[in-house]
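# Structural description and commentary
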Amino acid sequence: MFNSLAVNDGLMPKLGEARILSAQFKTDPFPRKVDLGAGVYKDETGKPWVFPVVRKVERMMANESFNTPVEPFQNFAFEEEARSFLLGRNSAAVHEKRVCSIQSVGGTGALRLAAEFCLRSMHLDTVYIPEFSWANHEGIFHQVGFCVKKYRYWSTQKQCLDLSGLLADVKKANKGSVIIFHACSHNPTGTDPSLDEWREIAELCQTVGLFVIIDCAYQSFASGHTERDAQAVRQFVDLNTEFMVAQSFSKNFGLYNERVGNLCVITGQSGGAMAANIRAHLVSLAGDLGLIPSHHGAAIVTQILQDVQLYQEWRENVETAIKRLGEVRRGLYQKLTDLQTPGHWERMLQQRGMFAFVGINAAQVKSLRELYHVYLLRNGRMCLAGLNESNVDYVAEALRDVVQNVSDDARL
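Cut-offs applied
- Residues numbered from 1 in each chain as written.
- Predicted model: local features only at pLDDT ≥ 70, side-chain atom pairs only at ≥ 80, totals over all residues.
- Heavy atoms only, no water.
- Helix = DSSP H or I, 4+ residues; strand = E, 2+ residues; numbered from the N terminus.
- Rg over C-alpha atoms; globule rule 2.2 N^0.38 Å.
- Buried < 20%, exposed > 50% of the residue type's maximum accessible area, 1.4 Å probe, protein only.
- Contact = heavy atoms within 4.5 Å.
- Areas by Shrake-Rupley, 256 points an atom, 1.4 Å probe, with all protein chains shown as cover.
- Lys, Arg positive; Asp, Glu negative; His and termini not counted.
- Charge placed at Lys NZ, Arg CZ, Asp CG, Glu CD.
- Salt bridge = Lys/Arg side-chain N within 4 Å of Asp/Glu carboxyl O.
- Axes fitted to C-alpha atoms, helices over the stretch in contact; angles between N-to-C directions.
- Parallel < 35°, antiparallel > 145°, perpendicular 65-115°, else oblique.
- Nonpolar A, V, L, I, M, F, W, Y, C, P; charged D, E, K, R; others polar.
- Phe/Tyr/Trp six-rings, centres within 6.5 Å; stacked < 30°, edge-to-face > 60°.
- Lys NZ or Arg CZ within 6 Å of the ring centre and 35° of its normal.
- pLDDT = per-residue confidence, 0-100.
- Core = buried A, V, L, I, M, F, W, Y, C linked by side-chain atoms within 4.5 Å.

Take the overall build of the chain next. Of the regular secondary structure elements, the chain holds 16 helices and 13 strands. Relative to a compact globule of 412 residues, whose C-alpha radius of gyration would be 22 Å, the chain shows 21 Å and is just as compact. Seen through its principal axes, the chain has C-alpha atoms that stretch 65 × 55 × 55 Å. Considering the chain as a whole, with its 412 residues, one finds that 55% of them fall into the buried category. Sequence separation of at least 24 residues holds for 76% of the intrachain contacts in the chain that already meet a minimum separation of 6. Only carbon and sulfur atoms are counted for the fraction: they give 49% of the accessible area of the chain, which is about 18,800 Å². In the chain, 43 positive and 45 negative side-chain charges are present, and the distance between their average locations comes to 2 Å.

Given below as structure tokens:
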């Protein structure tokens, strides 16, 4: 019976590209292979880094008694801390009871829940996502049943944010549609609008009548500052906009497999009645879909955010990671410059977070993998965490070679 299944429509390869590359990398026997595809933070030795403060909290949890909710979706302490982390402890929206949230199965689960709610409860069926974006954005909304459209975000020619194209496409978008933005450290480009540009974008979305969903996967892991990385979200709050934010704690707390997420909903009605009603709908929907989150990872995040000393240790852990990413970013730029590699590599220095969007085409990416066993996504996104002193020269030399010798029309 499986023979009757239709051949995939091109969506699945994009959804699974990082996983496919990871599997290919693991089985590749080449001794100098380099994995720059997986969006996972690694230390200088190339191994995933567990934050020391997370290890500390887990030891505390093993030795002490912690209250564990008996029922799912009763982790109110985590939800409160997640909201404060995102909006600030003095947020007027929170004090006015215009905000509700629900723990989710990672940031991906928060996005899926948001998509289902928008379609089933709000009867919205069209979504606009950046032309360059995390592949799961298209996959999630496509599977839920949305018509997926794209808006311009990145200028391939200029290798920078295409603000004029973005604004023009938002202005032409259909009223009553959903639009997705990245809060910070845009994936894959690592390039974000300025605060003034965010303000212009937010005001235009209000004028057009679009419902905004913000994917906040890298708060504090873009600039190293929690407040700074939340400024885009808070711009929308200041405009009294109704919108949703999908929070992930995978990158910024190193809790990849714990699947810690939160869906935060900001309403326009104070008093708490609207927020409570929306949360009740979300709880019912999440239960129907089987999107039941676990408690362990959320308990770790809650402990860190509630304790002043643990929070300070967490900030120091984040600073360690951000410092290393900055060093390898500058190191790669310097090597490429020293090698006189054709291209506008200074753009890399303006990007933030774990990724560098290096501006090479799919044919050149393919040659990097086949000739040099350097793995990165087809769109040219490179995870900087895979670089270190032992391989940065090798990667720079490989990049120079493919940029110089592989043309745009090479066979893929």
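We are not done yet, so read on.
Before going further, it helps to examine the pattern of salt bridges. Per the stated rule, a full pass over the model turns up 17 salt bridges. One continuous salt-bridge network, built from bridges that share partners, spans Arg112, Glu116 and Arg120.

Before going further, it helps to spend a moment on the packing of helix α3 (residues 52-63) against helix α13 (residues 296-306). Close contact between α3 and α13 brings their axes to 10 Å; oriented N to C, the two are set at 105°. Relative to α13, α3 is oriented roughly perpendicular. Contact residues: α3 offers Val53, Val54, Val57, Glu58, Met60 and Met61, while α13 offers His296, Ala299, Ile300, Gln303 and Ile304. For the contact of α3 with α13, the per-class residue count stands at eight nonpolar, two polar and one charged.

Relative to the helices and strands, Thr337 is located in helix α14 (residues 308-338). Each C-alpha atom of the pair Thr337 and Ala396 lies 9.3 Å from the other, and the pair is 59 residues apart in sequence.

If you check which residues of helix α7 (residues 135-144) are buried, you get Asn136, His137, Gly139, Ile140, Phe141 and Val144. After α7 finishes, the residue Gly145 shows a positive phi value of roughly 125°.

We now examine the packing of aromatic side chains. In this description, a pair of aromatic rings is defined by centroid distance and the angle of the planes. The final tally for this structure, using the stated rule, is 21 aromatic pairs. A connected cluster of aromatic rings, assembled from ring pairs, spans Phe78, Phe85, Phe249, Phe253, Tyr311 and Trp314. The cationic tip of Lys33 hangs over the ring face of Phe25; the distance from NZ or CZ to the ring centre is 4.6 Å. A cation over an aromatic ring shows up here: Arg381 above the ring of Phe355, its NZ or CZ 3.9 Å from the ring centre.

Overall, the predicted model of the chain reaches an average pLDDT of 89, with 93% of residues at or above 70. Note on residues 5-15: pLDDT is under 50 here. Beyond four places in sequence and across chains, it has eleven contacts.

Counting residues in each nonpolar core, the largest one holds 62 residues, and the members touching the most others are Tyr41, Phe221, Phe253, Leu332, Leu376, Met382 and Val395. Every element with two or more residues in this core is listed here: α3, α4 (76-87), α13, α14, β11 (355-357), α15 (362-372), β13 (381-383) and α16 (392-405). Residue contributions to this core peak at nine residues, all from α14. In this view, Leu332 contacts Met348, Met382, Leu387, Val392, Val395, Ala396 and Leu399; residues no more than four positions away in its chain are not counted.

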